[in-house]
Amino acid sequence: MSIPLVFLVLSAFNSVFSAAPREVFQLSSYYGDHMVLQKAPAKAVVWGFGQTGAKVVVSLSGSHKVSTHFTPVINGIWYTTLNPVEAGGPYNLTVSQKTTNSSITLTDVLFGDIWLCTGQSNMAFTVGQLINATEELAMASEFPNVRIFQAALEKSDEELIDLAGVEVPWSRPTAELLGGKNFGHFSAVCWLFGRYLYETLNYPIGLVETCWGGTPVEAWSSPRALHNCGLKSSMTSVPYSPPPMQSYLLGNISAKWMSSVLWNAMIHPLLNMTITGAIWYQGEANANYNRDKYNCSFPAMIDDWRMAFHEGSDCQTALDFPFGFVQLSTYLKNNHHDGFREIRWHQTADYGFAPNPRMKNTFMAAAIDLPDEKSPWGWIHPEDKQDVAFRLVLGARAVAYGEKNVSFQGPFPTQAILNQSSISIVFNQDINATLDKNDGRFFEICCSEDKQCESDDKWGPAFIINQGLNDVLVSTPVCPSASIAAVRYLWTDWPCKFKACPIYSSNGLLPAPPFILDISKP
């Protein structure tokens, strides 16, 4: 078979990858015993390094199937695409190079779905840091078919072919691998997402963690993605100055992140992997850096990753693979200027919900109702990652797996109508609403004769005064009705107590996310 164009382009960077020297026969760094390869109908890709001009034989053997593939070594790299394999296993994968009489056999190989888990410190937050860590860790060995892999923290000024380092090779889950309390062991959100997904699908799940605390989206984006948003694509410094916090909580906050350094070292090497989808927990680092570009840079990164994984996997990873993300929780109380309210909105490309016309085949887990002022890891790191993962899995089931009748989105308004003494806000589904008790600034109304609502001083509080099956009535502010222009909801950093926002789905599980909406006259 021919080597994909993207792979040929990658071979030009042999001088910068940090794997073994060219001509040494070996697999790429992210293959190993206990690994999960993408199941049918997609085809898994297997590749590595070898002696230029040699032939490599790749054989897959199991209790019911044996397949053999022959592929040449071109410019020190060999690459093959396996036949589709249904979920299950175990299999043995053997690769041989006859000219050097070299052979490698990987055992306990499963086929299932591969999910990439990436982002910053809330994704890096480990199972050992959960509030019920002991219970979660004790269950790890009960899920041997949920396999984990973790890339090491590495940066590069140029695109690497292979990972520069591996933190956790493909492994069955253990309490030791999932534990630890330093943001350096395996991701809690990633693990819980995989475990919950396995309980629904009942076939192998492979989890690939590649994340780094304190990192802006620019570091994870290719130069071409940044260019599409008018951002610098050269290797210029990206200063990151988060609000005061112990440095170990957010990673090396004194570092100046360079554009694309994590794309180069921790995403680009994975492009030949066939994956099902990705989940993302990031945005805090952009609350005060290129914040108003995030409504472009985040969707552009998703588009670019999709294109690159599709090409790199010989078109086996879907060109529109599903992409889930977490809408940020909270950081500072009673603070209207820390950027979180804006970044939440920009996470959705300014639609307020996902999927949307700009971000198709995406799903969002709203976390605004999960604040944690008692978290020992800082308010910016809530300990409740179970609800985050549960909401992500609902989105995956609906969007990635096409399950019908799976509710995965909180209520979202379709219109706000000004009445004589109230404003009626109608939602796209039945709701479970709680009348305001003056303990939060949930709804705000903009009074502006020129209909310009950018300034906070034009917004005043409003309160829920009645509710229906799919609507609420909120009070009008003391201002001329002609100047009432818009309504916004949960437009502060810390609007609700834990799971106590005023509007949820009818089953009480999914909060209405923040929104801003023009008010129409009857």
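> How should the confidence of the model for the protein chain be read in this particular structure?
Note that predicted coordinates carrying low pLDDT should not be read in detail. Per-residue confidence for the protein chain gives a mean pLDDT of 89, with 89% of residues at or over 70. Throughout residues 1–21 the model reports pLDDT below 50, and contacts reaching past four residues in sequence, or to other chains, amount to 41 contacts. Contacts of residues 235–254 to residues separated by more than four positions or lying in other chains number 51 contacts, the stretch itself having pLDDT below 50.

> I tried to follow the pairing of strand S23 (residues 471–475) on my own but got confused; where do I start?
Every regular strand shows the same layout, with side chains that alternate between the two sheet faces. Within S23, 4 of the 5 residues are buried, leaving the element largely enclosed by the surrounding structure. Here strand S18 (residues 422–427) runs beside S23; their pairing, made up of 5 bridges, is antiparallel. By the bridge assignment, Val426 is partnered in S23 with Asp471. The pairing of strand S22 (residues 464–467) with S23 spans 3 bridges and is antiparallel. Counterpart to Gln467 in the pairing with S23 is Val472. A loop of 3 residues connects S22 with S23, the two strands running antiparallel in sequence.

> How do you make sense of the state of the cysteines when you look at a structure like this?
Where two cysteines share a covalent bond between their sulfur atoms, that bond is called a disulfide. Taken as a whole and judged by the stated rule, the model has 5 disulfides. Here Cys117 is linked by a disulfide to Cys190, with a sulfur-sulfur distance of 2.1 Å. Where Cys117 bonds to Cys190 through sulfur, the torsion about that S-S bond is close to 70°, and the disulfide is right-handed. With Cys117 in strand S8 (residues 102–119) and Cys190 in helix H5 (residues 188–201), the pair connects residues that are 73 residues apart, well separated along the chain. Pair check on accessibility: Cys117 and Cys190 agree, each one buried. Between the sulfur atoms of Cys496 and its disulfide mate Cys501 the distance is 2.1 Å. Taking the sign of the S-S torsion, about 105° here, the bridge from Cys496 to Cys501 comes out right-handed.

> What exactly am I supposed to notice about helix H9 (residues 294–312) here?
Each α-helix turn comprises 3.6 residues. Residues three or four places apart therefore point the same way. Taking 1.5 Å per residue as the helical rise, H9 with its 19 residues ought to reach 27 Å, and the 26 Å between its terminal C-alpha atoms agrees with that figure. Burial analysis of H9 places 14 of its 19 residues in the buried class, which makes it a mostly covered element. Two residues or fewer after H9 comes Asp314, characterised by a positive phi angle close to 60°.

> Honestly, helix H11 (residues 386–400) in this entry has me stumped. Any pointers?
In a regular helix each residue adds 1.5 Å, so 15 residues correspond to 21 Å; H11 covers 20 Å between its end C-alpha atoms and thus fits that length. Of all 15 residues in H11, 12 are buried, a share of seventy percent or more. Of all the positions in H11, only Gln386, Asp387, Val388, Ala389, Arg391, Leu392, Val393, Leu394, Gly395, Ala396, Ala398 and Val399 are classed as buried. Buried residues along H11 sit in contact with S8, helix H3 (133–138), H5, strand S14 (277–281), strand S15 (323–327) and strand S16 (362–366).

> Hey, could you run me through the nonpolar core in this one?
For soluble globular proteins, nonpolar side chains are generally found buried alongside one another. Core analysis: the biggest nonpolar cluster contains 124 residues, and Tyr31, Trp191, Trp280 and Trp305 have the highest contact counts within it. Among the elements that take part in this core, H5 stands out by supplying 10 residues, more than any other. When residues no more than four places from it in sequence are discounted, the contact partners of Trp191 are Val127, Ala140, Phe143, Val146, Ile148, Pro173, Leu178, Phe186 and Leu207. Ile431, Ile445, Ala462 and Leu490 belong to the second largest nonpolar core, which has 31 residues in total.

> It is not clear to me how the pattern of salt bridges should be interpreted in this structure. Could you clarify?
Side chains bearing opposite charge may pair, as long as their charged atoms lie close to each other. Using the criterion set out here, one finds 16 salt bridges in the structure. Residues Arg172 and Asp108 are paired through a salt bridge, measuring 3.2 Å at the closest nitrogen-oxygen approach. Separated by 64 residues along the polypeptide, Arg172 in the loop between strand S10 (166–171) and helix H4 (175–178) and Asp108 in strand S8 bring together distant segments of the chain. Take Arg172: its relative accessible area is 41%, and that puts it in the partly exposed class. Classification of Asp108 as buried rests on a relative accessible area of 12%. Residue Asp493 is joined to Arg344 by a salt bridge in which the shortest nitrogen-to-oxygen separation is 3.6 Å. Separated by 149 residues along the polypeptide, Asp493 in the loop between strand S24 (484–489) and strand S25 (503–505) and Arg344 in helix H10 (residues 340–347) bring together distant segments of the chain. In this structure Arg344 comes out as buried when scored by relative accessible area, which is 0%. Beyond isolated ion pairs, a larger network of salt bridges with shared partners links Arg341, Glu342, Glu444, Asp456 and Arg488.

Cut-offs and rules
- Residues numbered from 1 in each chain as written.
- Predicted model: local features only at pLDDT ≥ 70, side-chain atom pairs only at ≥ 80, totals over all residues.
- Heavy atoms only, no water.
- pLDDT = per-residue confidence, 0-100.
- Contact = heavy atoms within 4.5 Å.
- Buried < 20%, exposed > 50% of the residue type's maximum accessible area, 1.4 Å probe, protein only.
- Helix = DSSP H or I, 4+ residues; strand = E, 2+ residues; numbered from the N terminus.
- Pairing = 2+ DSSP bridges.
- Disulfide = S-S within 2.5 Å.
- Expected span 1.5 Å × (residues − 1).
- Core = buried A, V, L, I, M, F, W, Y, C linked by side-chain atoms within 4.5 Å.
- Salt bridge = Lys/Arg side-chain N within 4 Å of Asp/Glu carboxyl O.

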